[in-house]
Amino acid sequence: MKKKQLVMIGNGMAGVRVIEEILKMDREQYKITIFGNEPHPNYNRIQLSNVLQGNTTFEETIINDLQWYESNEIQLFTGEEVTQINTDEQYVISDIGRQVSYDELILATGSLPFILPIPGADKKGVIGFRDIKDCVEMIQTSKKYKKAAVIGGGLLGLEAAKGLIHLGMKVDVVHLMEHLMERQLDAVASNMLKAELETQGMNFLMEKATVELIGTDRVEGIRFKDGTEAKADLIVMAAGIKPNVKLASESGIYVNRGIVVNDFMETNVPHVYAVGECAEHREVVYGLVAPLYEQGKVLAKTLCGQKENGYKGSITGTQLKVSDIDLFSAGEIYDDPTSKSIVVHNEYEGIYKKVLIRNDRIVGIVLYGDTKDSNRLYRMLTEKQDVSESTTISFLQSGEAVESNDIASMPNDEVVCGCNGISKETIVQAIKEEGVSTVEQVGGCTNAGRSCGRCKPVIQEIIAYTLGDEFTHAAEKKTVCGCTSLSRDEVVAEIQVKGLTTIKEVMNVLEWKTDEGCSKCRPALNYFLGMVHPAYVDDRDSRLVNEKMHANIQKDGTYSVIPRMYGGVTTAKDLRKLADVAEKYDVQLLKITGGQRIGLYGLEKDQLPAVWEELGMPSGYAYGKTLRTVKTCVGAQFCRFGTQDSMSLGIELEKRFERLDTPHKVKMGVSACPRNCAEAGIKDVGIVGLDGGWEIYVAGNGGTDLRAGDLLCKVKTEEEIYEITGAFLQYYREAALYLERTSTWIERVGLDHVKDVLANEKKRKELNERLNATLARYEEPWARAIEEPAIREAYYRKRELVK
Ligand SMILES: Cc1cc2nc3c(=O)[nH]c(=O)nc-3n(C[C@H](O)[C@H](O)[C@H](O)COP(=O)(O)OP(=O)(O)OC[C@H]3O[C@@H](n4cnc5c(N)ncnc54)[C@H](O)[C@@H]3O)c2cc1C
Ligand SMILES: NC(=O)c1ccc[n+]([C@@H]2O[C@H](COP(=O)([O-])OP(=O)(O)OC[C@H]3O[C@@H](n4cnc5c(N)ncnc54)[C@H](O)[C@@H]3O)[C@@H](O)[C@H]2O)c1
Ligand code: SF4
Ligand code: FES
């Protein structure tokens, strides 16, 4: 049966969750295309606050990596904005003129920050806080400037302010109202919050209406309605958001505040749906993921022909992600004549709890300082339980830490992860039936904990309670991924002891929990098998996407071609070839890379075999977990300071070790004197020439986690360098975790340990023997692609546009 074309505009949290749900229900019905105007795969926007506050990295925010799209055959166009929808002829057009037809269309365009329409709002240094780009700008600004102002004392503004303080800036929070977070907290809780945040370094300018942002080109300050001013080199506008609906309304789709949908997330136009922050359901637009994920489930069912009850709306609960602040709020927050409240206010311990009741039902909750009751009360609220028999004590228990007893008495259907609507029962089931034993694995099976992360401590408690004595052992172990409860070392040991030779065999014998594995374990197993068995036949389809393609996929879906240029040395003939090919294929960019070679960027997948054939040069593996480059200085051949021939040594090292699979990428550098022009001190292996010898440095890193290399040893001859470098690489291959750089590996196992291993001559010899046996199996990847039509057909067939 021909698949229907499903197109989604917006590659954010709500939209991609719909696609995940569809894939769980029915993989065969749709050919899926996604447009996202950010240059990233789907990431966890919620965690941007934690990135700013230094609790997580950008890499850790990625929810679905490019490999996920590739392996689910989803065509993803990042950095591309859809600018037109033709609902009569059912196609969309992007800002680069790409036209894609649809049978069904999902609008998941999210929201835009509300930028106050005041003079000066367009100055440099005025931003919202919505995406990675804003986050990067805050981080970079903090390196140059010292004073920031955040406009808006809501959830977003306070999380941004905390992040900016962490980045070393002085921060004013400008708030229009009398109380912070006035939509979530009453006056008492709000004052407690303000007092705590002041101790954390925030300065509040309350009841201030901003009328102008002052400065010349760049913002320098704020002017308020009362005539006062405040200095600021950076302004973060966090005064609310507005649904991103321009495209929908211009396309004739009915829009009120958001894109209006019915209970099945259908808009007024046939075959067009909306989900997430851009959608308006029963006159409500939501701004938290829990309701958006509920909408996502309903939409997936609608699209898979399983329309049931539909979406009925949600009551949301919020928490603030600022360290040392514990607060929860849901439903109504202010007393009125029709409601009664139960309040516990322990000023001594800084705890405040309020439950609002109307007609024997909880209608609102505000908790500050102790939120242990939040799940239970929230459930009573959402289920509209009759509370007439309850006492104050049973409403508002003590503030003791969650203990096993609490888990034991927690009802099975209590929702533990509010963002994803996952109950205790579902988590316990995953632990018992799927054999998972870490918070990450529970997330892999159930989605619990994958959004704001606030439920993770409770998930941890449930694991401990369910596993009992087995827990300590299980929790200590870092498993390969959620598909197995075995660690990397256990899997490698089993491969060796049981003589397992294929991925399928490993999964069967080691009782993998999934049939096909996942994007984490498949590449890892492929690597382990290749590391254990020198003659292993590579399973190309299990590799990470760039390795599988032998080319680096770029943000617009095109690829780069970077041939080897051993030691950074080239010839006029090779340069001519590069120029000819670049002209013939009209490449978008020719660039000298950081690794001293020349890259051709912007090639289509079907052009790659011909480009490589015409170049006739070996692949530079600029995409691989392998030896990338050996950077060299000109050394003794030309430089008057050079004591050694760095170029020849670098070229020889690159030729010896190219193509070798390693746990992560490996970069080398060779400088011919301590002036170190090849920056050998920040390479995985760095060699520095001295009078009469060389120094070998290891585990340097010039990337995100900057690290100077450690001196491993001094040697006299080039032969010694080859021997020690070979042994080091092989030991790293055998001992490091998959996707662990040499820098983190050395930090974990200790330099002295590696020195001890390499100081042992017998071990060095054995390591080099195993390395050489492995090196013998590699061949030039593009030679095969050029010769074999089947490979070209399988991997480099032209991208069809869905039209
Ligand atoms: C810093 C921060 C912290 C947050 N913390 C929390 C929290 O703790 N808890 C919580 O529940 N929620 C939190 N939220 C809110 C939560 O992130 C959002 O509710 C959620 O991301 C909305 O998902 P969405 O898919 O509707 O929109 P988005 O995630 O915004 O995704 C929409 C995507 O569509 C793209 N797009 C728009 N128009 C087009 C077009 N024409 N063509 C192509 N692409 C387009 C956008 O660039 C965007 O990438 C937070 C938000 C921020 C910014
Ligand atoms: N922890 C979380 O759950 C979390 C964290 C961040 C963001 N978010 C979500 O992101 C979205 C945006 O958050 P937000 O805090 O911007 O929205 P918001 O609407 O909740 O808060 C905006 C705040 O700005 C104030 N404000 C409005 N105009 C102002 C002005 N001119 N000067 C000063 N203050 C002004 C308002 O009084 C309000 O308190 C919301 O949907 C929110 O739920 C959630
Ligand atoms: S590292 Fe020393 S030898 Fe090499 S180019 Fe620099 S100065 Fe010359
Ligand atoms: S409550 Fe947010 S991830 Fe679980």
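Notes on the structure follow. Every value quoted in this text rests on a predicted model; they were computed, and no experiment measured them. (Residues numbered from 1 in each chain as written. Chains lettered and ligands numbered in written order. Predicted model: local features only at pLDDT ≥ 70, side-chain atom pairs only at ≥ 80, totals over all residues. Heavy atoms only, no water.)

**What to know about the sheet that holds strand β28 (residues 552-553)**
Put simply, the rule is: At least two bridges found by DSSP between two strands are what make those strands a pair. Per the convention used, a helix needs a DSSP run of H or I reaching at least four residues, while a strand needs a run of E reaching at least two, with both numbered from the N terminus. Two residues form a contact once any of their heavy atoms are found within 4.5 Å. Geometry is summarised by axes, namely lines fitted to C-alpha atoms with helices restricted to the contacting stretch, and by angles between N-to-C directions that run from 0 to 180 degrees.
Reading across the sheet, the 4 strands line up as β28-β29-β31-β30 and stay open at both edges, with antiparallel pairing between neighbours. In this open sheet, the two edge strands, each paired with only one partner strand, are β28 and β30 (589-592). Looking at chain direction, β30 and strand β31 (residues 598-603) are connected through 4 bridges and run antiparallel. Among the inter-strand pairings, Leu590 is bridged to a residue of β31, identified as Leu600. Here helix α21 (residues 572-584) sits on the sheet and contacts β30 and β31; the angle it forms with β31, its principal contact strand, is near 10 degrees. Those strands touched by helix α22 (residues 608-615) are β29 (559-561) and β31, and its axis lies near 10 degrees from that of β29.

**Examining the environment of Ile342**
For the record, the criterion: Per-residue accessibility, obtained with a 1.4 Å probe over protein chains only, is compared with the maximum for each type, and a residue is labelled buried under 20%, exposed over 50%, and partly exposed between these values.
Topologically, Ile342 is positioned in strand β23 (residues 340-346). You can call Ile342 buried: its relative accessible area is 17%. For Ile342 and Ile365, which are 23 residues apart along the polypeptide, the C-alpha to C-alpha distance reads 9.8 Å.

**A closer look at the site of ligand 3**
Short version of the rule: Here a residue is considered near a molecule or strand provided that any single heavy atom belonging to it is located within 4 Å of it. Residues are grouped as follows: Ala, Val, Leu, Ile, Met, Phe, Trp, Tyr, Cys and Pro are nonpolar; Asp, Glu, Lys and Arg are charged; every other residue, Gly included, is polar.
Around ligand 3, the neighbouring residues are Cys633, Gly635, Cys639, Phe641, Gly642, Ser671, Ala672, Cys673, Arg675, Asn676 and Cys677. Residue composition of the shell around ligand 3, grouped by class: 6 nonpolar, 4 polar and 1 charged.

**Focus: the sheet that holds strand β1 (residues 4-9)**
Strand order in the open sheet formed by 5 strands is β3-β2-β1-β7-β19, with parallel pairing between adjacent strands. At either end of the open sheet lies a strand with only one pairing partner, and these are β3 (75-78) and β19 (272-274). When the angles between neighbouring strand axes are averaged without regard to direction, this sheet yields 15 degrees. Sheet topology note: the strand β2 (residues 30-36)/β3 ladder contains 4 bridges and is parallel.

**A look at the pattern of salt bridges**
Rules: Salt-bridge detection follows one rule: a side-chain nitrogen of Lys or Arg within 4 Å of a carboxyl oxygen of Asp or Glu.
Summed over all chains, the structure comprises 58 salt bridges. Its salt-bridge partner being Arg450, residue Glu20 comes within 3.6 Å of it at the nearest N-O pair. Taken as a pair, Glu20 in helix α1 (residues 13-25) and Arg450 in the loop between α14 (439-446) and α15 (456-467) lie far apart in primary sequence, 430 residues in all. Note on Arg450: relative accessible area 26%, which makes it partly exposed. The shortest N-O distance in the salt bridge between Glu70 and Lys548 comes to 3.9 Å. With Glu70 in helix α4 (residues 66-71) and Lys548 in helix α20 (residues 545-549), this pair connects stretches of sequence that are 478 residues apart. For Glu70, a relative accessible area of 27% gives the class partly exposed. With a relative accessible area of 14%, Lys548 lands in the buried category. In the salt-bridge network here, residues are joined through shared partners; they are Asp538, Arg543, Glu547, Asp661 and Arg777.

**Overview of the site of ligand 2**
Selection rule: Two N or O atoms count as a polar contact when they lie within 3.5 Å, although within protein this holds only if one can serve as hydrogen donor and the other as acceptor, and sequence-adjacent residues are included solely when both atoms are side-chain atoms. Per-residue and other accessible areas were derived by the Shrake-Rupley procedure at a 1.4 Å probe size, with only the shown protein chains allowed to occlude residues.
Ligand 2 sits among 21 residues. The nearest are Glu159, Glu182, Arg183, Gly240 and Gln319. At a separation of 2.8 Å, a nitrogen atom of ligand 2 approaches a polar side-chain atom of Glu159. The separation between a nitrogen atom of ligand 2 and a polar main-chain atom of Leu176 is 3.3 Å. In isolation ligand 2 exposes 850 Å². Once the protein is present, 86% of that is buried. Counting residues per element, the shell around ligand 2 draws most heavily on helix α6 (residues 155-166), at 3 residues. Along the lines of polarity and charge, the residues of the shell around ligand 2 split into 11 nonpolar, 6 polar and 4 charged.

**Focus on the side chain of Glu695**
Tracing the backbone shows Glu695 in strand β35 (residues 693-698). At 2.7 Å, the side chain of Glu695 and the side chain of Tyr697 are in polar contact. With residues near it in sequence (within four places) discarded, Glu695 still touches Gly686, Ile687, Val688, Leu690, Leu711, Cys713 and Lys714.

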